[in-house]
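# Examining the three-dimensional arrangement
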Amino acid sequence: MLDTNYRKSLDFYVNILGLNIIAENYRAERDSYKTDLALGDNYIIELFSFPNPPQRPTRPEATGLRHLAFEVDDIDASVAELDHKEIKHEDIRIDGYTSKRFVFFQDPDGLPIELYEK
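Residues numbered from 1 in each chain as written. Predicted model: local features only at pLDDT ≥ 70, side-chain atom pairs only at ≥ 80, totals over all residues. Heavy atoms only, no water.

## As for the pattern of salt bridges
When the charged atoms of two side chains lie near each other, side chains of opposite charge can form a pair. As a reminder of what qualifies: Here, a salt bridge means any side-chain nitrogen of Lys or Arg that lies within 4 Å of a carboxyl oxygen of Asp or Glu. Comment: elements are numbered from the N terminus, with helices defined as DSSP H or I runs of at least four residues and strands as E runs of at least two. Burial here depends on accessible area, computed with a 1.4 Å probe over protein chains only, as a share of the maximum for the residue type. Under 20% is buried, over 50% is exposed, and the range in between is partly exposed.
Going through the model one piece at a time under the given rule, you end up with eight salt bridges. Here E46 makes a salt bridge to K34, at a shortest N to O gap of 3.2 Å. A residue pair is termed long-range when its members are at least 10 positions apart, and E46 in strand 3 (residues 42-48) and K34 in strand 2 (residues 32-39) qualify at twelve residues. Residue class for E46 comes out partly exposed when judged on its relative accessible area of 40%. Residue R93 is joined to E90 by a salt bridge in which the shortest nitrogen-to-oxygen separation is 3.0 Å. Overall, the relative accessible area of 34% leaves R93 in the partly exposed class.

Quick look at the structure:
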């Protein structure tokens, strides 16, 4: 069973990835949170919590929503920041189509996140 923790995930997206909380709402009837997060002035993602959520595939190549991807200016600096924050990640790879570099890591719930160099 997936060990999910809303506060740990929220901390990751805010303090590790640098997203800002726009609104955080607790929905008592669903015993869950819905939090809107943004990077700068742009709306990015909604973070939900649910008691006993079903597992979903975590591999980037899985069917359905594959992963979140963020464009970065410097992949080496971004990977150094992940290392500094002790976030495990894959080795940097090169996209065979665009020749751009990218790296994958996971959020606290095991969902894949990609950093893709401009």
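## Some details on the environment of Y116
Under the convention used in this document: Note on contacts: a residue pair qualifies if any of its non-hydrogen atoms lie within 4.5 Å across the two residues.
Residue position: Y116 is located in strand 7 (residues 112-117). For the pair Y116 and R93, spaced 23 residues apart in sequence, the C-alpha to C-alpha distance is 9.7 Å. Residue contacts for Y116: discarding those within four places in its chain leaves F70, E71, V72, I75, D95, T98, K100, R101 and F102.

## Quick look at the sheet that holds strand 2
We count it as follows: Between any two strands, pairing holds if DSSP finds at least two bridges. Geometry is summarised by axes, namely lines fitted to C-alpha atoms with helices restricted to the contacting stretch, and by angles between N-to-C directions that run from 0 to 180 degrees.
Within the open sheet, the three strands sit side by side as 1-2-3. Their pairing is antiparallel. The open sheet terminates on both sides in strands that have one partner only, identified here as strand 1 (20-27) and strand 3. Averaged over all adjacent pairs, the angle separating strand axes in this sheet is 15°, with direction ignored. Strand direction decides the pairing type here: strand 1 and strand 2, joined by seven bridges, are antiparallel. Each bridged residue has a counterpart across the sheet, and for R27 the counterpart in strand 2 is S32. The strands touched by helix 1 (residues 6-16) within the sheet are strand 1, strand 2 and strand 3, with strand 2 carrying the most contacts at an inclination of about 5°.

## Focus on helix 1
Each full turn of the α-helix corresponds to 3.6 residues, which orients residues three or four apart in the same direction. The line we're drawing: Arc, as used here, means the arc of the directions from the helix axis to the C-beta atoms. Between N or O atoms, a polar contact is any pair within 3.5 Å; within protein, one atom must be a potential hydrogen donor and the other a potential acceptor, and residues adjacent in sequence are included only when both atoms are from side chains.
Listed in full, the buried residues belonging to helix 1 are Y6, S9, L10, F12 and Y13. The buried residues of helix 1 occupy an angular sector of 155° when the element is viewed end-on, so they sit on one face. On its buried side, helix 1 packs onto strand 1, strand 2, strand 3, strand 4 (68-72), strand 6 (101-106) and strand 7. By the N-cap criterion, in which a side-chain oxygen at the helix start approaches the backbone nitrogen of a residue two or three places on, helix 1 is capped by N5, the distance to R7 being 3.1 Å. One or two positions beyond helix 1, positive phi appears at G18, with a value near 85°.

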